[in-house]
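# Survey of secondary and tertiary structure
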Amino acid sequence: MGRIEFFFSLLAVVCIYSTVKGGQPERRAVIVFIVGVALSMIAAALSNLRFSQPEIGILISDMAMLAAFIGLALYAERYWTLWLCSMQVIQVLSHIPLMIIPELLPQAYYVIVAFWAYPMLIVLAMGTYRHQQRLRRYGVDRSWSDFSNLQK
């Protein structure tokens, strides 16, 4: 199994698990992941740069995902959302090295840009698991903060 097949397998397993077992924050994170991956794939397919220059379309997709994860972190009653935001900030910043070092190998740029998706999916799976633990232990697990205008 290649790295792309492995990523899509991990994405599918985590998204299904979080959709079935997660609360509203976990389900919204799944939507962000699916839309973000789809937009990144479209941007990569439309680009003829092949990571030899900054991939602006993927950068825009990463920034949109960051905005969505920040919104989720502001309203969700979950710590894992802060981890996703942190990793997504690194993901966005990973586009900078090629802007500074144009000689950077396209493979290195690709690895830098793609790496953080793996730990982010693991964090989402762990957050879903912790949600299930709180439900078993307390019978309830609040999804949203008190100041949130989202469903309680």
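Placed above this text is the structure.
Notes on the structure follow.

### So, the environment of tryptophan 116
Along the polypeptide, tryptophan 116 turns up in the loop between helix H6 (106-115) and helix H7 (117-138). Residue classification places tryptophan 116 among the partly exposed residues on the basis of a relative accessible area of 23%. Distance from tryptophan 116 to methionine 87, taken between C-alpha atoms, is 6.4 Å for residues 29 residues apart in sequence. If sequence neighbours within four positions are ignored, tryptophan 116 has contacts with Met87, Ile90 and Gln91.

### Things to note about the packing of aromatic side chains
Summed over the entire model, instances satisfying the criterion amount to seven aromatic pairs. Taking 5.4 Å as the distance between ring centres and 70° as the angle between the ring planes, the aromatic pair formed by phenylalanine 7 and phenylalanine 8 counts as edge-to-face. Measuring from ring centre to ring centre gives 5.1 Å for phenylalanine 115 and tryptophan 116, while their planes differ by 85°; the resulting arrangement is edge-to-face. The exposure class assigned to phenylalanine 115 is partly exposed, which follows from its relative accessible area of 43%. Through a chain of ring-to-ring contacts, three or more aromatic side chains come together here, namely Phe6, Phe7, Phe8 and Tyr118.

### Description of the nonpolar core
The biggest cluster of nonpolar side chains holds 26 residues, and the ones touching the most others in it are Phe33, Phe69 and Leu84. Examining the composition of this core, we find that six residues originate from one element, H7, more than from any other. Ignoring sequence-local partners within four residues, the contact set of leucine 84 consists of Ala29, Phe33, Phe69, Met120 and Val123. In this structure, Ala43, Ile58, Leu104 and Val113 belong to the second largest nonpolar core, which totals eight residues.

### A short note on a nonpolar patch on the surface
A surface patch of nonpolar side chains, about 720 Å² in accessible area, is lined by Ile56, Ile60, Val89, Leu93, Ile96, Met99, Ile100 and Ile101. Breaking the nonpolar patch down by element, the ones donating at least two residues are helix H3 (56-75), helix H4 (80-93) and helix H5 (96-100). For the nonpolar patch, the element with the highest residue contribution is H5, accounting for three residues. Classification of isoleucine 100 as exposed rests on a relative accessible area of 63%.

### Things to note about the pattern of salt bridges
This structure, assessed with the given rule, holds four salt bridges. Note that arginine 78 is salt-bridged to glutamate 26, the shortest N-O span being 2.7 Å. Taken together, the positions of arginine 78 in the loop between H3 and H4 and glutamate 26 in helix H2 (residues 24-46) put the pair 52 residues apart, joining distant regions of the chain. Judged by relative accessible area, which is 5%, arginine 78 ranks as buried. Its salt-bridge partner being arginine 134, residue aspartate 141 comes within 2.8 Å of it at the nearest N-O pair. Assigned by exposure class, aspartate 141 and arginine 134 land together as buried. Sharing partners across several salt bridges, the network here consists of Glu26, Arg78, Arg134 and Asp141.

### Describing the side chain of arginine 78
A distance of 3.4 Å separates polar atoms of two side chains, one belonging to arginine 78 and the other to aspartate 141. Once you skip the residues sitting within four places of it in the chain, arginine 78 turns out to touch Gly23, Pro25, Glu26, His131, Arg134, Asp141, Arg142 and Ser143.

### Considering the packing of helix H1 (residues 3-21) against H2
Taken N-terminus to C-terminus, the directions of H1 and H2 make an angle of 155°; their axes are 8 Å apart at the nearest point. Overall, the two elements H1 and H2 adopt an arrangement that is roughly antiparallel. Seen along the crossing, H1 lies across H2 with a hand that is left-handed. Contacts between H1 and H2 pair Phe7, Phe8, Leu11, Cys15, Ser18, Thr19 and Val20 from the former with Glu26, Arg27, Val30, Phe33, Ile34, Val37 and Met41 from the latter. Grouping the constituent residues of the contact of H1 with H2 by class yields ten nonpolar, two polar and two charged.

Calculation notes
- Residues numbered from 1 in each chain as written.
- Predicted model: local features only at pLDDT ≥ 70, side-chain atom pairs only at ≥ 80, totals over all residues.
- Heavy atoms only, no water.
- Helix = DSSP H or I, 4+ residues; strand = E, 2+ residues; numbered from the N terminus.
- Buried < 20%, exposed > 50% of the residue type's maximum accessible area, 1.4 Å probe, protein only.
- Contact = heavy atoms within 4.5 Å.
- Phe/Tyr/Trp six-rings, centres within 6.5 Å; stacked < 30°, edge-to-face > 60°.
- Core = buried A, V, L, I, M, F, W, Y, C linked by side-chain atoms within 4.5 Å.
- Patch = residues over 30% accessible without salt bridge, like charges linked within 9 Å, V, L, I, M, F, W, Y side chains within 5 Å.
- Areas by Shrake-Rupley, 256 points an atom, 1.4 Å probe, with all protein chains shown as cover.
- Salt bridge = Lys/Arg side-chain N within 4 Å of Asp/Glu carboxyl O.
- Polar contact = N/O pair within 3.5 Å; in protein donor to acceptor, adjacent residues only side chain to side chain.
- Axes fitted to C-alpha atoms, helices over the stretch in contact; angles between N-to-C directions.
- Parallel < 35°, antiparallel > 145°, perpendicular 65-115°, else oblique.
- Left-handed = near helix turned anticlockwise from the far one by under 90°.
- Nonpolar A, V, L, I, M, F, W, Y, C, P; charged D, E, K, R; others polar.

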